Amino acid sequence: MPALSQSIAIAETRSTPRRGPSRGLDAVFRTCSYAAALLVLLVLAGILGSILYGGWPAFREFGFGFLTSSAWNIGTEQYGALVAVIGTLASAVIALLIGVPVSLGIAIFLTQLCPGWARKPVAMTIELLAAVPSIIYGMWGLFIFAPIFARFVQIPLSNLVEGLPVVGTLLYARVPSGVGIFTAGIILAIMIVPFIASIARDMLDQIPTVLRESAYGIGCTTWEVVRHVLVPQAAVSIIGAIMLGLGRALGETMAVTFVVGNANRLSASIFDPSSTIASRIANEFNEADGLQLNALMALGCILFVITFIVLIVARLLTRRVRAA
């Protein structure tokens, strides 16, 4: 009986000829893939070309002084990008300094220390933060966080450091309203934590279990396993996650517009109001005309260049980590 069944299976296999690969479908698939990749490049080139075309009159009018000037006077048509650029970089750096350690701590807790029953609820809660609209973060930051921050942090800290040489300049708030560069950095840190933590957690989960068990088997502590086994194995992905968070922090608009203060002011204090490129464009673009519109488009070009530089740095860092 088994021999009869085997003979029938062999006969059916021989009776149905094997179809060869379809060259037509393969050509269509290849063409669609090339078209998708080309479409992305064309869209990117179109965006860059349009903002460069719109911002060129400002670059031609002010030259290199557009990057080094802090003036932004609509009446006299004097525009400079220095305040917005410094505000963008400062708020993004503050967001990374706060958000990266918190994100890595969350990822390590979820993969190494969290009990099994709590792992999924905690992970879902962290990921839900990414679904909150940015305007909600901005409203919460302006109406809830800023008054609390001003009352319990800015005012006591300003009274404590007033008159000190360096710390007094950096942490003194002339008008402790709760809004400013540091507040914007905190809100951005909350916004980038879900992205960095989720990617870092997934990468740590994909590390082979045998590496962890071997490290624990030779007597390593949890800190030693994380420091010498997990982080080096996932270093490339962690760097990519951090750069993704940095890109989000650099380009965030609505949340920062609510809490940064929107003041064209250069200040050494991180508690004073300032502005970013995205917030200035959001505030003035609808009513802008003439050279002001060109200056805003030029700010968009600068933000594009900054993001491109961040991408290049990320590539160089990942290449160095892989080589090591």
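Please refer to the structure higher up on the page.
The rules behind these values
- Residues numbered from 1 in each chain as written.
- Predicted model: local features only at pLDDT ≥ 70, side-chain atom pairs only at ≥ 80, totals over all residues.
- Heavy atoms only, no water.
- Phe/Tyr/Trp six-rings, centres within 6.5 Å; stacked < 30°, edge-to-face > 60°.
- Helix = DSSP H or I, 4+ residues; strand = E, 2+ residues; numbered from the N terminus.
- Buried < 20%, exposed > 50% of the residue type's maximum accessible area, 1.4 Å probe, protein only.
- Lys NZ or Arg CZ within 6 Å of the ring centre and 35° of its normal.
- Axes fitted to C-alpha atoms, helices over the stretch in contact; angles between N-to-C directions.
- Parallel < 35°, antiparallel > 145°, perpendicular 65-115°, else oblique.
- Left-handed = near helix turned anticlockwise from the far one by under 90°.
- Contact = heavy atoms within 4.5 Å.
- Nonpolar A, V, L, I, M, F, W, Y, C, P; charged D, E, K, R; others polar.

Novice: Can you walk me through the packing of aromatic side chains in this structure?
Specialist: Each aromatic ring pair is described using two quantities: the centre-to-centre distance and the angle formed by the ring planes. Scanning the entire structure with this criterion turns up 9 aromatic pairs. Here the aromatic rings of Phe149 and Phe271 are separated by 5.7 Å at their centres, their planes lie at 80°, and the arrangement is edge-to-face. Highlighted residues: Phe149 in helix 6 (residues 134-161) and Phe271 in the loop between helix 12 (254-259) and helix 13 (277-284), separated in sequence by 122 residues. Judged by its relative accessible area of 6%, Phe149 falls in the buried class. Relative to Phe271, the ring of Phe182 has its centre 5.6 Å away and its plane inclined at 80°; by these criteria the two rings are edge-to-face. With Phe182 in helix 8 (residues 181-205) and Phe271 in the loop between helix 12 and helix 13, this residue pair connects regions lying 89 residues apart in the sequence. By way of ring pairs, the aromatic residues Phe59, Phe62, Phe66, Trp72 and Tyr79 are connected into one cluster. The positively charged end of Arg280 is found above the aromatic ring belonging to Trp72, 4.6 Å away from the centroid.

Novice: I keep staring at unusual backbone geometry and nothing clicks. Help me out?
Specialist: With the exception of glycine, most residues fall at negative phi, and the peptide bonds are largely trans. Even without glycine at this site, Glu77 takes up a positive phi of about 55°. Along the chain, Glu77 falls in the loop between strand 1 (72-73) and strand 2 (78-79). You can call Glu77 partly exposed: its relative accessible area is 40%. In this structure, Asn262 takes a positive phi of about 55° despite not being glycine. Secondary-structure assignment places Asn262 in the loop between helix 12 and helix 13. By relative accessible area, which is 34% here, Asn262 ends up partly exposed.

Novice: Just to check I follow, could you spell out the packing of helix 2 (residues 23-62) against helix 14 (residues 291-323) for this structure?
Specialist: Any two packed helices are characterised by how steeply their axes cross, that is the angle between the axes, and by the distance between the axes. At a minimum axis distance of 7 Å, the contact between helix 2 and helix 14 shows a crossing angle of 125°. By the criterion of interaxial angle, the relationship of helix 2 to helix 14 is oblique. Between helix 2 and helix 14 lies a crossing of left-handed hand. Within the contact between the two elements, helix 2 uses Leu44, Leu48, Ser50, Ile51, Leu52, Gly54, Gly55, Pro57, Ala58, Phe59, Glu61 and Phe62 and helix 14 uses Leu291, Asn294, Ala295, Met297, Ala298, Gly300, Cys301, Ile302 and Phe304. Classifying every residue of the contact of helix 2 with helix 14 gives 15 nonpolar, 5 polar and 1 charged.

Novice: When you look at the environment of Ala130 in this model, what are you seeing that I'm missing?
Specialist: Note on placement: Ala130 falls in the loop between helix 5 (116-128) and helix 6. Ala130 sits in the partly exposed class, given a relative accessible area of 35%. It is 18 Å that separates the C-alpha atoms of Ala130 and Pro101, two residues lying 29 residues apart in sequence.

Novice: Honestly, the packing of helix 4 (residues 82-113) against helix 5 in this entry has me stumped. Any pointers?
Specialist: Between helix 4 and helix 5, the shortest axis-to-axis distance is 10 Å and the interhelical angle comes to 155°. One finds that helix 4 runs roughly antiparallel with respect to helix 5. Considering the relative orientation of helix 4 and helix 5, their crossing is left-handed. Residues Ile106, Leu110 and Thr111 of helix 4 touch helix 5, and the partners they reach there are Arg119, Val122, Ala123 and Ile126. Taken together, the residues that form the contact of helix 4 with helix 5 break down as 5 nonpolar, 1 polar and 1 charged.

Keep in mind these values describe shape, not function.
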